Amino acid sequence: MGEDGGMPTPTTSPGSPVTAAANPWAGLWALCLGFFMILVDTTIVTVATPTIMRELDTDIATAVWVTSGYLLAFAVPLLITGRLGDRFGPKRVYMAGLITFACASVACGLSGSIAMLIAARVVQGLGASLMSPQTMAIITRTFPPERRGAAMGMWGAVAGAATLAGPLLGGVIVGTLGWEWIFFVNIPLGILAFVLAWRLVPDLPRTARRIDALSVALSACAVFLIVFGIQEGSKYNWGTITGFVSIPLLIATGVVTFALFLLRQAIGTHDPLLPLSIFRDRNFSLAAFGISTMGFASVSMFLPVMLYAQEARGFTAARAALLLVPVAVLAGVLAPMVGRAVDRIDARVIAVPSFLLLAASTAWLGLIMRPDTDFWLLVIPLTLIGIANAGIWSPLSTTATRALAHTVAGAGAGVYNTTRQTGAVLGSAGIAALMATRSTALGVPVAADGDTVVDAGSSEAFSIAMGQSLFLPAAILLAGAVAAFFFIPRHRRAPSRNT
């Protein structure tokens, strides 16, 4: 038996996959179900927020924490949970996270107060954080590099489609069954995902001997302070929270703490939580930066669109969500095809044009968002956004993991997912601040509670403000294109040394 008490431990060399399953694709399909579920829950609550506010008798500032609490709990532990998969086995950690997530979903649906709902969402986020890095680590360890593109294509299809499908599913479920069911639906899905993972995902040998407690504490504190500071910055106008505590102080303290964490990884432990050797791989570092720009764009580009559709156009939540159908469908259908292509050709050939197309389509959408724009004209750039999305997720994830040694697969997945989630938090904070700034500059009225007031007289100005807000994710995506341009092609790479 292997040291984790599971299947016999195969003998592998650094960087080689562990072929513990006769059919790794079956395990991948099982993982994708759980992965889809946790990513949908990052955006599905957005559409339900007005209903939750009304039925739980709360205000917008408190209700925002239903989403913010989940994102924070998801992002903060990712460096740790990625390494936990190396230490205890990715399958075990994934299934523990799945159980945590499903149980928290029950608590969310049964919540009778906003405080209970926020607390349950935090636990949900912790479960998602346990699961997310393991999906990528298992793909890295069970698929050989020459077949990993197709596998990462499927992973990317799920990631892209789930992030975009959240508002659509949320609108349908809230409009028919009620807000509680956006959480209750996770129960049968969670049970099915657990059974499939238990039967189809291989037990893989552990590769980390221990987890350094000081590194865990430094990592958690640093990421929490930085992410919380960014997430709450606009709420406090980037100034004082209370007493001498301010947003800049929190972020600065987080940066210093993270520097101490990196110092600890470099010289303070023989079995680091974050092996810095993975950053010797230029492709990994560039892909991690690239996925942060996608995290930023995925969260920030659709909030202005949804507000424009509902406030300026008067669409219902469900009808507004229909605008995202071509994006979600095309991203889901095309991403596996792109994954197979990445196994044969240079990832830059796909990733760079896709980044540029996504940036241009997002800017185009921003330019035409007006109260009287024909529906079909909006669909054209949204269709191009779906096509471009499909060409980014797989090339980035395949490039990031192609040369990772199996001994640091969990750590690498943790870093990759941390940068994606941090980008999402930055996108959420950045787009909120820009929407408010542009609305104020264009004279959109603001009510006493701080909400914008959109009527027939201000719908034009509000539409322009929301459209101009899309120029921010478009600009950030150009930075992703630059990163992808500097990928080293496979045939020019040196052998991996990130053991």
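Residues numbered from 1 in each chain as written. Predicted model: local features only at pLDDT ≥ 70, side-chain atom pairs only at ≥ 80, totals over all residues. Heavy atoms only, no water.

**A few points about the overall build of the protein chain**
Looking only at helices and strands, one finds 22 helices and two strands in the protein chain. In terms of overall dimensions, the protein chain is globule-like: its C-alpha atoms have a radius of gyration of 22 Å, near the 23 Å expected for 499 residues. Overall, the protein chain is about 70 × 50 × 45 Å in size when its C-alpha atoms are taken along their principal axes. Counting every position in the protein chain, which comprises 499 residues, the buried fraction comes to 58%. Within the protein chain, contacts between residues at least 6 apart in sequence are counted, and of these 84% link residues at least 24 apart. Of the roughly 18,900 Å² of accessible surface on the protein chain, a fraction of 69% belongs to carbon and sulfur atoms. Taking the average location of the 30 positive side-chain charges in the protein chain and that of its 23 negative ones, the two points are 14 Å from each other. (Helix = DSSP H or I, 4+ residues; strand = E, 2+ residues; numbered from the N terminus. Rg over C-alpha atoms; globule rule 2.2 N^0.38 Å. Buried < 20%, exposed > 50% of the residue type's maximum accessible area, 1.4 Å probe, protein only. Contact = heavy atoms within 4.5 Å. Areas by Shrake-Rupley, 256 points an atom, 1.4 Å probe, with all protein chains shown as cover. Lys, Arg positive; Asp, Glu negative; His and termini not counted. Charge placed at Lys NZ, Arg CZ, Asp CG, Glu CD.)

**A short note on the layout of surface pockets**
One way to see where empty space is left: roll a probe the size of a water molecule over the atoms. Computed from the structure, the second largest pocket encloses a volume of approximately 280 Å³. What lines the second largest pocket is a set of 14 residues, and nearest its centre among them are L79, V223, F258, T418 and T422. Going through the elements one at a time, α11 (213-232), α12 (247-268) and α20 (409-441) are the ones with two or more residues in the lining of the second largest pocket. Among the residues making up the lining of the second largest pocket, the classes are represented as 11 nonpolar, three polar and no charged. Counting contributing residues per domain, the lining of the second largest pocket is built from domain 2 (214-270) and domain 3 (274-488), each supplying no fewer than three. (1 Å grid on protein atoms, 1.4 Å probe; cavity = no way out; pocket = protein on both sides within 12 Å on 5 of 7 lines; lining within 4 Å. Points joined across faces, edges and corners; volume = space filled by probe spheres on them. Nonpolar A, V, L, I, M, F, W, Y, C, P; charged D, E, K, R; others polar. Domains from an automatic or database assignment.)

**Concerning the state of the cysteines**
Taken as a whole, this structure holds zero disulfides when the rule is applied. C103 carries a free sulfur, and the closest cysteine sulfur to it, the one in C108, is 11 Å from it. The exposed category is assigned to C103, whose relative accessible area is 51%. (Disulfide = S-S within 2.5 Å.)

**Thoughts on empty space enclosed by the protein**
Going through the model one piece at a time under the given rule, you end up with one cavity of 30 Å³ or more. In this model, the largest cavity occupies a volume close to 40 Å³. The wall of the largest cavity is formed by P24, G27, L28, L31, I138, I139, T142, F143 and P202. Of all elements in the fold, only α1 (24-43) and α7 (114-142) reach the threshold of two or more residues within the lining of the largest cavity. With four residues, α1 is the single largest residue contributor to the lining of the largest cavity. Here the lining of the largest cavity is built from residues that sort into seven nonpolar, two polar and no charged.

**With respect to the domain arrangement of the protein chain**
Each domain of the protein chain was delimited in the assignment, giving domain 1 (21-211), domain 2 (214-270) and domain 3 (274-488). Between domain 1 and domain 3, the C-alpha centre-to-centre distance is 20 Å. Linking domain 1 to domain 3 there are zero salt bridges. Scanning the region where domain 1 abuts domain 3 turns up two residue pairs in polar contact (both at pLDDT 80 or more). Across the side of domain 1 that touches domain 3, the residue classes tally to 23 nonpolar, 11 polar and six charged. (Salt bridge = Lys/Arg side-chain N within 4 Å of Asp/Glu carboxyl O. Polar contact = N/O pair within 3.5 Å; in protein donor to acceptor, adjacent residues only side chain to side chain.)

**Overview of the side chain of T142**
Looking at the secondary structure, you find T142 in helix α7. Judged by its relative accessible area of 7%, T142 falls in the buried class. A polar side-chain atom of T142 sits 2.6 Å from the main-chain carbonyl oxygen of I138.

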